[in-house]
Amino acid sequence: MKILVTGGTGYIGSHTCLALMSAGLEPVILDNLCNSKLSVLDRIEEISGKRPLFYQGDIRDPALLDRIFQEQQIAGVIHFAALKAVGESTQKPFEYFENNISGTLSLLGAMRRAGCYRFIFSSSATVYGDPQTVPIQEDSPRSTMSPYGRTKLMIEQILEDMQKADPRWSITLLRYFNPIGAHESGRMGEDPQGIPNNLMPFITQVAIGRRDCLSIFGNDYPTKDGTCVRDYIHVMDLAEGHVKAWQVCGEQAGLHIYNLGTGQGVSVLEMVNAFARACGLEINYKLVDRRPGDVAECWADPAKAERELGWKATRTLDDMTRDSWRWQKNNPNGYEE
């Protein structure tokens, strides 16, 4: 069974392709390589023993999308392709709205033309905004604090309206918390282009010597140590959550919404210290002003996913930091072409 994976050479997408292949499913990857490298395909093949089908291009290209659906028997779509940095989105709101929302509409249009109605959307905990209470449940109020978050929320609303209007759709919204870690082989991991926007790749690049110092944005939040608290989840746990969602929800028309997280809050300083233990090195950091769009605390109540999907995050914080360090140590320059 073939599944179109948009953004499939990216960090989460590539690990999800591995999980799909392990489950006997066949990913067909579409990626414009704006934040990934073609050599990711070599690593997927190295680990899985099979090279996934790959199309280089953009989800905003309707002719390309139509060609993919004509050439391949696509059973459904897992949609990762998006710009995804909270801070950057406050500086480039137009680019985020144009890429994320227009791109998703283009993809949905191609699916309708092809008669394909099984869709899993890579959403985000940012749709909860600054949560009133934690842990966060799926029916918690939604609001946003950044253009990036607004694109995710607006796409969720588009998908909800489409499913309501056409009950043939099976739409699953997976609200991620904070994916980190890497494949246990050390051959695949997170390799952002340019300066990392997420915490873990910045920490690993400081540890390996690619960057001098980690900036911690704010130490005056109302949290246990003044730094932001997040729910960090191992990327392979997250990837396996997509497989479960496909297996359980793919054949069920309707709207399905799940948090994917561990249910545990970890502060930035706690993460820095955990990584220092994993690598045996001191991580140089400095405290700087808060970053626009950040909230103080955000972690999941993942009980619904365990109850309905039979999915639960099993990898620990030590697993996450150890696997992140193994990836960076073995690949100091990431995926080299």
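Let me begin by describing the structure that accompanies this report.

Cut-off values and rules
Numbers given to residues run from 1 along each chain, matching the order in which its sequence is written. Local features are withheld for residues below a pLDDT of 70 in this predicted model, meaning they are given only at 70 or higher, and side-chain atom pairs are given and counted only at 80 or more; totals for whole chains, interfaces and linings count all residues. As a rule here, side-chain values cover all heavy atoms of the structure and leave hydrogens and water aside. Helix and strand labels come from DSSP, where a helix needs a run of H or I of at least four residues and a strand needs a run of E of at least two; each type is numbered from the N terminus. For this analysis, a polar contact is any N or O atom pair within 3.5 Å, provided that within protein one partner can donate a hydrogen and the other can accept it, and provided that sequence-adjacent residues contribute only side-chain to side-chain pairs. Contact definition: two residues touch when any of their heavy atoms are within 4.5 Å. DSSP-based pairing: two strands are paired if at least 2 bridges between them are found. Handedness of a crossover is defined as follows: with both strands directed away from the viewer, a clockwise route from the first strand across the helix to the second makes it right-handed. Take a side-chain nitrogen of Lys or Arg and a carboxyl oxygen of Asp or Glu: if they are within 4 Å of each other, that pair is a salt bridge. Classification of residues uses two cut-offs on accessible area relative to the type maximum, computed with a 1.4 Å probe and protein chains only: under 20% is buried, over 50% is exposed, and between them is partly exposed. To get an axis, a line is fitted to the C-alpha atoms, and for a helix only the part in contact is used. The angle between two axes follows their N-to-C directions and goes from 0 to 180 degrees.

What follows concerns the side chain of Ser170. Take Ser170: it is sitting in strand E6 (residues 170-176). At 2.7 Å, the side chain of Ser170 forms a polar contact with the backbone oxygen of Cys249. Leave out the neighbours within four places in its chain, and Ser170 touches Tyr117, Arg118, Phe119, Cys249, Gly250, Gln252, Ala253, Gly254 and His256.

We now examine the pairing of strand E3 (residues 53-56). Bridge count for strand E2 (residues 26-31) against E3 is 4 bridges, and the pairing is parallel. Across the sheet, the residue bridging to Val28 is Leu53, located in E3. Between the parallel elements E2 and E3, the chain passes through helix H2 (residues 40-48) in a crossover that is right-handed.

As a further point, take the pattern of salt bridges. For side chains bearing opposite charge, pairing can occur when the charged atoms are close. One pass over the full model with this rule turns up 21 salt bridges. A salt bridge links Arg326 to Asp323; the shortest N-O distance between them is 2.6 Å. Here Asp323 and Arg326 lie together in helix H11 (residues 317-330), a separation of 3 residues that amounts to about one turn. The partly exposed category is assigned to Arg326, whose relative accessible area is 24%. Judged by its relative accessible area of 5%, Asp323 falls in the buried class. Sharing partners across several salt bridges, the network here consists of Arg142, Glu156, Glu160 and Arg175.

With that settled, the discussion passes to the sheet that holds strand E11 (residues 254-260). Read across the sheet, 7 strands follow the order E3-E2-E1-E4-E5-E6-E11 without closing on themselves; strand pairing throughout is parallel. Across the chains shown, the open sheet's two edge strands, defined by having one partner strand only, are E3 and E11. Across the sheet, the mean angle separating the axes of adjacent strands is 20° when strand polarity is ignored. The pairing of strand E1 (residues 2-6) with strand E4 (residues 74-79) spans 5 bridges and is parallel. By the bridge assignment, Val5 is partnered in E4 with Ile78.

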